[in-house]
Each structure stands twice: as C-alpha cells, then as structure tokens.
Amino acid sequence: MRTPLIAGNWKMNGLSEDAVALAASVSDRIGGLDAIEIVVCPPFVHLPAVAERLRGGAYLGAQNCADAPQGARTGEVAADMLADIGVRYVILGHSERRAFYGEDSAMIAARYTQAMESGLRPILCVGETLEEREDGRTEDVVAGQINDVADRLESSVGLGDGVIAYEPVWAIGTGRTATAAQAQAMHAFIRGVLGERDPGLAGGMRLLYGGSMKPGNAADLLAQPDVDGGLIGGASLNAEDFAAICAAAARG
Ligand code: PGA
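What counts and how
Residues numbered from 1 in each chain as written. Predicted model: local features only at pLDDT ≥ 70, side-chain atom pairs only at ≥ 80, totals over all residues. Heavy atoms only, no water. Buried < 20%, exposed > 50% of the residue type's maximum accessible area, 1.4 Å probe, protein only. Helix = DSSP H or I, 4+ residues; strand = E, 2+ residues; numbered from the N terminus. Arc of directions from axis to C-beta. Contact = heavy atoms within 4.5 Å. Pairing = 2+ DSSP bridges. Near = heavy atom within 4 Å. Polar contact = N/O pair within 3.5 Å; in protein donor to acceptor, adjacent residues only side chain to side chain. Nonpolar A, V, L, I, M, F, W, Y, C, P; charged D, E, K, R; others polar. Phe/Tyr/Trp six-rings, centres within 6.5 Å; stacked < 30°, edge-to-face > 60°. Axes fitted to C-alpha atoms, helices over the stretch in contact; angles between N-to-C directions. Left-handed = near helix turned anticlockwise from the far one by under 90°.

### Thoughts on helix α2 (residues 47–54)
Moving on, step 1. When we look at burial in α2, the residues that qualify are Leu 47, Val 50 and Leu 54. Buried positions in α2, seen along its axis, are confined to an arc of 65 degrees and lie on one side of it.
Moving on, step 2. Packing partners of the buried residues in α2 comprise α1 (16–29), β2 (37–41), β3 (59–62), α3 (79–84) and β4 (87–92).
Moving on, step 3. Looking at the residues trailing α2, positive phi occurs at Arg 55, about 40 degrees.

Have a look at this one:
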C-alpha cells in the first residue's frame, strides 16, 4: 500500500511575508486530509518561518541539499542542517538544477547519499526533453537517469525510502500536461526499471507525476494505478489550487 503524496515545489518565489501567508492558507485548507502525505518545499530562507506556520499540518521539504557534509561548500546547505530544522523531504535532480546549474548524475547521487544519511527522504526528479521524446528516446533517457544515480549510491544507502518524480521537461511550467495515459505508461515503465534493480522497490516506491498538474487534470492523472501523487510547481503557489489537488489525491 503506497500512501499518496502531493508535494508543492515553490521554486524561487515569494518574500518571507508571502511564504508565511501561503503556508497559513495551505494549512487552513488541508485539515482532515489524513489519508495522504502533503509536503511544501519553500526556498531555503523561508523554511523556518514556514515550519512555524504549518505546525505539522504538512511535511516540510527543501528544494535541494549539499553533496557533502558540513564544511567548505560556500553557498550550499547541508542535509543535516535541513533535518535539524524539521525538514523531512528534499527534491533532488530537478530539471532546472540539471539545466541551469549543470547537475549531473554523479552530483545528484552525492546529494542523494547525504540526504539519506541525514534521514531526509529524497524526491528524485527524472524526465525527458521534448527533443528526446520526439526522437523516441524517452524510456532510455529516464531509465538512464534512474540507473545512473542508483548505481552511484553506497550499497548501504540505496534508493531506500526515496520517491521518484517523473517530470517530462516539456510539461514543466508550460501548461502542457502529459496525458493520463502517457503518465501511466511512463510510471509503469519506471516501476519495471526499479523491479530490475530490486523487486521490492518496484511495488513499494512512490512515483509522482510532475508537469503542469492543476485542479482540472489532477483527478485523471492521480487515478492511474502507478501514479502515487504529484510534484506541483505553479499550482502550488495558489493555496486553493494546491488544496484542490490534495483533495483529489485523497479521494483517489
Ligand atoms: P509545474 O512545475 O507544475 O509548474 O509544471 C512542476 C515542477 O517543476 O516540479
């Protein structure tokens, strides 16, 4: 039994006042949705204020963590610092990190290892570009992204209790969503990739869909048997929309 998970990726949006107001508004709207896990991932600087305002209604997530323990890594935030202030989840390998900051599988695996060692649950993002899809390389790209990270993890760590978010790059922030059938096909494929690594992982690991998920398309996507939740960007900045997606997951 996989508990549905809805995670809001606030990306680099909002000043502290906005973050606290959004957290308050989300908090007010998600009471009673006990059958699912809800996570909000504000920018690093807003984490303590958001934690204070959420008061346990949703889990706190970060949008990245460092690839090394505390020390000489200017500009980075160590996984144990995040765990220390109550962060439970961390998004890793988001396509924006890969595209704008050159994060590759080795870097993402190092961050994943740090997250696991600090007790955070990674949300590992994978997904193909439009060009890769049109070239018929979607499955190869996605399998490669998962295996390249998993192969680099310490065997004592493994993918563990992490989560995978399938986020086709062409659907992120574009308003263009994968159809429910496309999402289901890729999620089933990802389960197969995990099953080849470890049959236990295939059935237990939660797979989220991300890419322009909104209240209007969430129910359809979340009804797919291998879609266990969503990673929500734009719609997570609107408490009403985010709560509507959470409610769809809870009904699911
Ligand atoms: P979107 O972003 O919902 O705005 O497409 C999703 C994401 O980048 O995680």
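### Points about the pairing of strand β8 (residues 229–232)
Moving on, step 1. Residue alternation in β8 divides its side chains into two sets, Gly 229 and Leu 231 and Gly 230 and Ile 232, and both sets are buried.
Moving on, step 2. When strand β1 (residues 5–9) meets β8, the two strands line up parallel, connected through four bridges. Within β8, the residue paired with Gly 8 across the bridge is Ile 232.
Moving on, step 3. Inspection of the sheet shows strand β7 (residues 206–210) paired to β8 by three bridges, in the parallel sense. For Leu 208, the partnering residue across the bridge sits in β8 and is Gly 229.

### Some words on the site of the ligand
Moving on, step 1. In the vicinity of the ligand there are 13 residues, among which Lys 11, His 94, Glu 167, Gly 173 and Ser 212 approach most closely.
Moving on, step 2. Here an oxygen atom of the ligand sits 2.7 Å away from a polar atom, N or O, in the side chain of Glu 167.
Moving on, step 3. The backbone of Gly 233 places a nitrogen or oxygen atom 2.8 Å from an oxygen atom of the ligand.
Moving on, step 4. Considering only residue class, the shell around the ligand consists of four nonpolar, seven polar and two charged.

### What about the packing of aromatic side chains?
Moving on, step 1. On inspection of all chains with the given rule, the structure shows three aromatic pairs.
Moving on, step 2. Each ring, one from Tyr 59 and one from Tyr 89, has its centre 5.9 Å from the other, and the planes form 70 degrees; the classification is edge-to-face. Pair noted here: Tyr 59 is in strand β3 and Tyr 89 is in strand β4, with a separation of 30 residues, a long-range link.
Moving on, step 3. Given the relative accessible area of 36%, Tyr 59 is considered partly exposed.
Moving on, step 4. Measuring from centroid to centroid gives 6.4 Å for Tyr 166 and Tyr 209, while their planes differ by 55 degrees, and the two rings are tilted. Of the two residues, Tyr 166 sits in strand β6 (residues 163–166) while Tyr 209 sits in strand β7, which places them 43 residues apart along the sequence. Take Tyr 166 and Tyr 209: they sit in the same class, and that class is buried.

### With respect to the packing of α1 against helix α11 (residues 239–251)
Moving on, step 1. Contact geometry of α1 with α11 gives a least axis separation of 9 Å together with a crossing angle of 35 degrees. Relative to α11, α1 is oriented so that their crossing is right-handed. Facing α1, whose interface residues are Leu 22, Ser 25, Val 26 and Arg 29, α11 presents Ala 239, Glu 240, Phe 242 and Ala 243.

### Observations concerning unusual backbone geometry
Moving on, step 1. Notably, Lys 11 is not glycine yet its phi reads approximately 50 degrees, a positive angle.
Moving on, step 2. Summarising the element assignment, Lys 11 is placed in the loop between β1 and α1.
Moving on, step 3. Positive phi, normally seen in glycine, also occurs at Ser 212, with a value near 55 degrees.
Moving on, step 4. With respect to the helices and strands, Ser 212 occurs in the loop between β7 and α10 (215–222).

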